Amino acid sequence: MINDDMTHSDHTDTTTSGAPAPADLRPLGATGLLASPVTVGTSGLGTPASADGSPGPGSTAFATAALRGPNLLVDTSNNYSDGRSETALGDAIRASGLPAGRGVVTKVDQDPSTAVFDRDRVLRSFEESLERLGVDRIPILHLHDPYSVSFAEASAPGGAIEGMLALKEQGVVDAIGIAAGPLSVMLPYVLSGAFDVVLTHNRFTLVDRSATALLEEARSRGMGVFNAAPFGGGLLAGRRGTDGKPSTYAYQAGSPELLAWVARADEVAARHGIPLAAAALAFSTRSELVDSTVVGMNRLERLEQVEALRTTTIPDDFWSDLDALGTPPSTLTD
Ligand SMILES: NC(=O)c1ccc[n+]([C@@H]2O[C@H](COP(=O)([O-])OP(=O)(O)OC[C@H]3O[C@@H](n4cnc5c(N)ncnc54)[C@H](OP(=O)(O)O)[C@@H]3O)[C@@H](O)[C@H]2O)c1
């Protein structure tokens, strides 16, 4: 759901609910919609669950703040935290409303029991999301991680793409997107011309640029671009494993070469007096290939911290010093 004036670029004042309007809004490709430089990612919202299976303590408070914070959009999915991410957002919307101009972006997922991902499952998944969120429409709906079907199956009559197009035709979504990881999965969806928006993750960051050609293709088609996981899931924002050492990139063990490169990048950032996380965020937010960068957040303090990172000035010399470290050895192969 989105409040009426998301398609206008006059968010310079406070909204009717008193929430400050996000700054630096930009068009989301040719969709006619707007996005702020950062979108709040909520894949971890609601986890851990409470004993009764509802979103854990603090989830609704975070959701309420996220919908009123510095960013225009919140990104969720039918399957995030087994539905608790959407439930927490819905609880917040039912209790406090959705401020003018703000929006929740969600995604349709395969059937969790059967892995079926066809037209009917798309429509059911969307209905489940509306129910949890307590809204009657969605501004941007992504087809999420369509790994249980081939592109041929998804694009055949009765397939998932038909379901996405049907929802757009009904006017219950404004724009449809494809959101997934492997580039070989993403490319046919982008080339199909059916989608208005693309969401890539972990593949356009300080340490991995492998989505560049995909995003250029999307741009040439006027698609809106979300770039998710600018910290590679946390590594580039200082996340450490239980042993206190950096360990994973894109949810997989990072190679010793990658972790060593990140340690050197950390030193370069420290020499310039900035957190590496600020540079990791700026890499994405300053790119002309990206409309909005989706950052995972699950705690209240992260909203302001990420805004502080976003508005950190990165010295020009930092980028040349980083380049001097050579090509980062990403661990992703597709
Ligand atoms: N297929 C898809 O559609 C897809 C795939 C991946 C991601 N996404 C979307 O993109 C979002 C972002 O991905 P992600 O969460 O995996 O990766 P990410 O944004 O690269 O990293 C998020 C992690 O960085 C840490 N962090 C955030 N802000 C920080 C700060 N100011 N200082 C220090 N650490 C900070 C957080 O750790 P703490 O937990 O310690 O706060 C958080 O868990 C997801 O939530 C989801 O909405 C979509």
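Counting restarts for each chain, with residues numbered from 1 along the sequence as it is written. Local features in this predicted model are restricted to residues of pLDDT 70 or higher, and side-chain atom pairs are both shown and tallied only at a pLDDT of 80 or more, whereas totals for entire chains, interfaces and linings draw on every residue. The basis for every side-chain value is the complete set of heavy atoms in the structure, and neither hydrogens nor water enter the calculation.

### Considerations on the sheet that holds strand β9 (residues 224-228)
This is how the line gets drawn: In this scheme, strands are said to pair when DSSP sees at least two bridges between them. Secondary structure elements are defined from DSSP: runs of H or I of at least 4 residues count as helices, runs of E of at least 2 residues count as strands, and each element is numbered from the N terminus. Between N-to-C directions, angles cover 0 to 180 degrees, with each direction set by a line fitted to C-alpha atoms, over the stretch in contact for helices. The contact criterion used throughout is that any non-hydrogen atoms of two residues lie within 4.5 Å.
In space, the eight strands of this closed barrel follow the order β3-β4-β5-β6-β7-β8-β9-β12, with parallel pairing throughout. Going across the sheet, the axis of each strand differs from the next one's by a mean of 30°, ignoring polarity. Helix-sheet contacts for helix α7 (residues 212-220) involve β8 (197-201) and β9, and the interaxial angle to β8 is about 170°.

### Focus on the packing of aromatic side chains
Convention followed: Note on ring pairs: Phe, Tyr and Trp rings are taken, using the six-membered ring of Trp, and paired if centres are within 6.5 Å. Classes follow the plane angle, with under 30 degrees stacked, over 60 edge-to-face and the rest tilted. Only protein chains enter the accessibility calculation, which uses a 1.4 Å probe. A residue is then buried if its area is under 20% of the maximum for its type, exposed if over 50%, and partly exposed in between. Whether a charge lies above a ring is judged from NZ of Lys or CZ of Arg, which has to be within 6 Å of the ring centre and within 35 degrees of the ring normal.
Counted under the stated rule, the structure contains four aromatic pairs. Aromatic side chains F204 and F283 sit 4.9 Å apart centroid to centroid with 45° between the ring planes, which places their arrangement in the tilted category. Of this pair, F204 sits in the loop between β8 and α7 while F283 sits in helix α9 (residues 276-285), and the two are 79 residues apart along the sequence. Relative to W319, the ring of F318 has its centre 5.1 Å away and its plane inclined at 80°; by these criteria the two rings are edge-to-face. For the pair shown, F318 and W319 are each scored as buried. Joined through ring pairs, the aromatic side chains of F151, Y189 and F195 make up one cluster. Across the ring face of W319, the terminal group of R286 is positioned such that the distance to the ring centre comes to 4.1 Å.

### Considerations on the environment of S247
You can see S247 is positioned in the loop between β9 and β10 (248-249). Judged by its relative accessible area of 32%, S247 falls in the partly exposed class. For S247, the residues in contact, after removing those within four places along its chain, are L235, G241, Q252, A253, G254 and L259.

### Considering the confidence of the model for the protein chain
Rule in force here: The pLDDT value expresses, per residue, how confident the predictor is, ranging between 0 and 100.
Per-residue pLDDT for the protein chain has a mean of 93; in total, 94% of the residues score no lower than 70. Per-residue pLDDT stays below 50 along residues 1-16; that stretch engages in 48 contacts with residues further than four places along the chain or on separate chains.

### A closer look at the side chain of R84
Inspection of the secondary structure puts R84 in helix α2 (residues 84-96). In contact with R84, other than residues within four places in its own chain, are L45, G46, T47, A49, G53, S54 and P55.

### Looking at the packing of α9 against helix α10 (residues 300-310)
In plain terms, the rule: An angle below 35 degrees is read as roughly parallel, one above 145 as roughly antiparallel, one from 65 to 115 as roughly perpendicular, and any other as oblique. Note on residue categories: nonpolar means Ala, Val, Leu, Ile, Met, Phe, Trp, Tyr, Cys or Pro, charged means Asp, Glu, Lys or Arg, and polar means any other residue, Gly included.
For the pair α9 and α10, interaxial distance at closest approach is 8 Å and the crossing angle is 75°. Judged on the interaxial angle alone, α10 and α9 are roughly perpendicular. Listed contacts from α10 to A277, A278 and L281 of α9 are V306, L309 and R310. Classifying every residue of the contact of α9 with α10 gives five nonpolar, no polar and one charged.

### Thoughts on the pattern of salt bridges
For the record, the criterion: We define a salt bridge as a contact between a side-chain nitrogen of Lys or Arg and a carboxyl oxygen of Asp or Glu at a distance within 4 Å.
For the structure shown, the criterion picks out 13 salt bridges. We note a salt bridge from D291 to R219, for which the minimum N-O separation is 2.6 Å. Pair noted here: D291 is in the loop between α9 and β12 (292-296) and R219 is in helix α7, with a separation of 72 residues, a long-range link. Residues joined in a network through salt bridges with shared partners are D24, E307 and R310.

### Concerning the site of the ligand
Formally: In this text, near means that some heavy atom of the residue lies within 4 Å of the molecule or strand in question. Counting of polar contacts relies on pairs of N or O atoms within 3.5 Å, with two restrictions inside protein: one atom must be capable of donating a hydrogen and the other of accepting it, and residues adjacent in sequence are counted only when both atoms are side-chain atoms. Surface exposure here means Shrake-Rupley accessible area, sampled with a 1.4 Å probe, where a residue is shielded only by the protein chains that are shown.
Around the ligand lies a shell of 30 residues, among which S43, D75, Y251, R299 and R302 are the nearest. Note that an oxygen atom of the ligand is positioned 3.4 Å from one of the backbone N or O atoms of T42. The separation between an oxygen atom of the ligand and a polar side-chain atom of R239 is 3.0 Å. Coverage of the ligand by the protein chains reaches 87% of its 900 Å² of free accessible surface. It is α10 that contributes the most residues to the shell around the ligand, four residues altogether.

### Observations regarding the pairing of strand β3 (residues 38-41)
A two-sided burial pattern is seen for β3, the buried positions comprising V38 and V40 on one face and T39 and G41 on the other. Taken together, the four bridges between β3 and β12 define a ladder with parallel strand orientation. Residue pairing in the sheet places V38 in a bridge with T293 of β12. Sheet topology note: the β3/strand β4 (residues 73-75) ladder contains two bridges and is parallel. Along β4, the bridge assignment pairs V40 with V74.

### A few points about the environment of G29
Within the fold, G29 resides in the loop between β1 (26-27) and β2 (34-35). For the pair G29 and V197, spaced 168 residues apart in sequence, the C-alpha separation works out to 7.6 Å. Residues within four places of G29 in sequence aside, it is in contact with R219, G222, M223, G224 and D291.

### Topic: the nonpolar core
Quick reminder of the rule: Nonpolar cores are built from buried Ala, Val, Leu, Ile, Met, Phe, Trp, Tyr and Cys residues. Side-chain atoms within 4.5 Å join them into one set.
One finds L143, F195, V198, L206 and F318 to be the most contacted residues of the largest nonpolar core, which totals 84 residues. When residues of this core are assigned to their parent elements, the largest contribution, eight residues, is made by α9. Dropping the residues within four chain positions of it, V198 is found in contact with I178, M186, V190, L214, L215, A218, M223, G224, V225 and F226. Membership of the second largest hydrophobic core comes to 15 residues, among which are L33, L72, I140 and F226.

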